[in-house]
Amino acid sequence: MNFEELEYNYSTAINNPQNHFMEWLEQDSISLEQDSISILPSYLDEITNYDWWDHDETFDLPPAITPATPSPTCIQTPTLSPSSPQPDPEFSKKRKLNTNSPDSSRKPSSGKKTSSKSGAGNPAKDARWAEQLLNPCAMAIETGNVSRAQHLIYVLQELASASGDINHRLSYHGLRTLTHHLYSNSVTSMVRLPPCESPIHSYINTEAKLFRSTVIKFHEISPWFTLPNSLANSTIIKSLTRENSSSRVLHIVDLGVSHGVQWPTLLEALTHLPKGAPPLVRLTIANSVLPPVPFSVPPAGYNFPSHLLRYAKSINLNLHINQVDNLTVQDLTLTPGEKLVICAQFRISKYKDILCSIRELNPDMVILSELDGSENSASLGGFPGRFSVNLEMLWRFLDSTGAAFKGRECAERKMMEGEGAQILDESGIEGRERWRELMAGLGFREEGFGDESIETAKALLRKYDGNWEMKADRTVAAVRLRWKGQPVSFCSLWKPIRG
């Protein structure tokens, strides 16, 4: 098999993820039936009720969802005292009327970019009113302007809703973050705060069964994580294909948020290498090396290594999996001659010191993916500046996720949106150029992904909503993912400079 045939086979696999996911899940089902000791239920048995597994059927969309006047949203916000300045009644009245207007209803996509479709299709600022309330509120809290903060909190409390269009959802999550920030701000002494608040839907408080099915579904309907995973996998395959020998052990360190979903495609592709699969594939899970970030912490009871091991056995691939708490040569038990690949996917934005440990490992390659924020986020003026940048990124996530689910309200969407809302707690989403400076300063050089990997990623992206686009050219090595023309993330390839 020549390189072109291999690329074709890999492209076919990555662009038809259901095929190999089903093989993975079906193998799990067979293995579990034969192994009565296992206490892990199969993926297949758990997900058969989801219509998205039917290859011949698309989502069965429910009737259009019309958000009602915002009802209690389980957000417990600061209580306004009787003497507190109240918002303009006419302003609140207009907002309530706007909430119930037909234009604010969520409907399945009709291809028309109007404010009724999440608000992001209309370039006018009034189509994105949530940010015009949340950002000034953050500034008022930071500067101690109590009357203005209470005024805006009152309005936001009236409008915030976990359902409805993107403005209402953004208000809901943004108001929670502002409430948390109030606890650590001097304004707290002037505003009565609630003792507690209801938990939000997220990974950690979701049943393991729902979590498994949702993570797989999200990879099917959104490229948010799938595209970087595809680039990483195809780059690994290309690198192995061009080596003269197939006798090297492949060692991958998973420092990411895929929770195992990334690897079945790669494992299957390894078995089709022209010179055969590596004699041993080592997968080291390093999730506990760093403190939590959005999308990184699964619920209790979720354990994907056993499923991967069964799948690898079914395709005659020698796979070993272990988990580590530290990223050192000793903890990884590195062996001479093995090919070491670090996949750092959306995991190290707040803990860049780990890059020093990665450099000390002297890996063959590092595949780094992170959110692509403002190039000036480090100097945006404390909490209000960071909050504004994070709010912009959350808008893109909520908007694209709403499109992925076709406006449908379901538990899976709530879980993904609740987990994604933790983006608001990030210390600042930096731009790609800042990451380039960091990596170059540590002795890494950036390389391009190559035409084959780029074409595979482009073919994959065509399967998703038309508002997604990928920016890749010969002058910029990194691949950038965009939603409606705005940056979402980047994926880059790095190799150590060896003397």
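Residues numbered from 1 in each chain as written. Predicted model: local features only at pLDDT ≥ 70, side-chain atom pairs only at ≥ 80, totals over all residues. Heavy atoms only, no water.

The protein chain appears in an unreviewed UniProt entry as Nodulation signaling pathway 1-like protein from Rhynchospora tenuis.

A. Summary view of the packing of aromatic side chains. Applying the stated criterion across every chain, the model contains 13 aromatic pairs. The ring of Trp395 is capped by Arg128, whose NZ or CZ atom sits 4.3 Å from the centre of that ring. In this structure, Arg359 is placed above the aromatic ring of Phe444, and the distance from its NZ or CZ to the ring centre is 5.4 Å. (Phe/Tyr/Trp six-rings, centres within 6.5 Å; stacked < 30°, edge-to-face > 60°. Lys NZ or Arg CZ within 6 Å of the ring centre and 35° of its normal.)

B. Spatial organisation of the pattern of salt bridges. Within this structure, the stated rule accounts for 25 salt bridges. Ionic pairing is found between Glu409 and Arg169, a salt bridge with its closest N-O pair at 2.0 Å. With Glu409 in the loop between helix 14 (382-404) and helix 15 (411-420) and Arg169 in helix 7 (residues 166-183), this pair connects stretches of sequence that are 240 residues apart. Residue Lys217 is joined to Glu412 by a salt bridge in which the shortest nitrogen-to-oxygen separation is 3.2 Å. Placement of the pair is Lys217 in helix 8 (residues 208-221) and Glu412 in helix 15, with a sequence separation of 195 residues. On the basis of relative accessible area, Lys217 is assigned to the buried category, the value being 1%. (Salt bridge = Lys/Arg side-chain N within 4 Å of Asp/Glu carboxyl O. Helix = DSSP H or I, 4+ residues; strand = E, 2+ residues; numbered from the N terminus. Buried < 20%, exposed > 50% of the residue type's maximum accessible area, 1.4 Å probe, protein only.)

C. Highlighting the side chain of Glu338. Tracing the backbone through its elements, the reader meets Glu338 in the loop between helix 12 (329-332) and strand 4 (339-345). According to the relative accessible area criterion, Glu338 is buried, its value standing at 8%. Engagement of the side chain of Glu338 in a polar contact is seen with the side chain of His251, the distance being 2.8 Å. When residues no more than four places from it in sequence are discounted, the contact partners of Glu338 are Arg248, Val249, His251, Arg282 and Asp364. (Polar contact = N/O pair within 3.5 Å; in protein donor to acceptor, adjacent residues only side chain to side chain. Contact = heavy atoms within 4.5 Å.)

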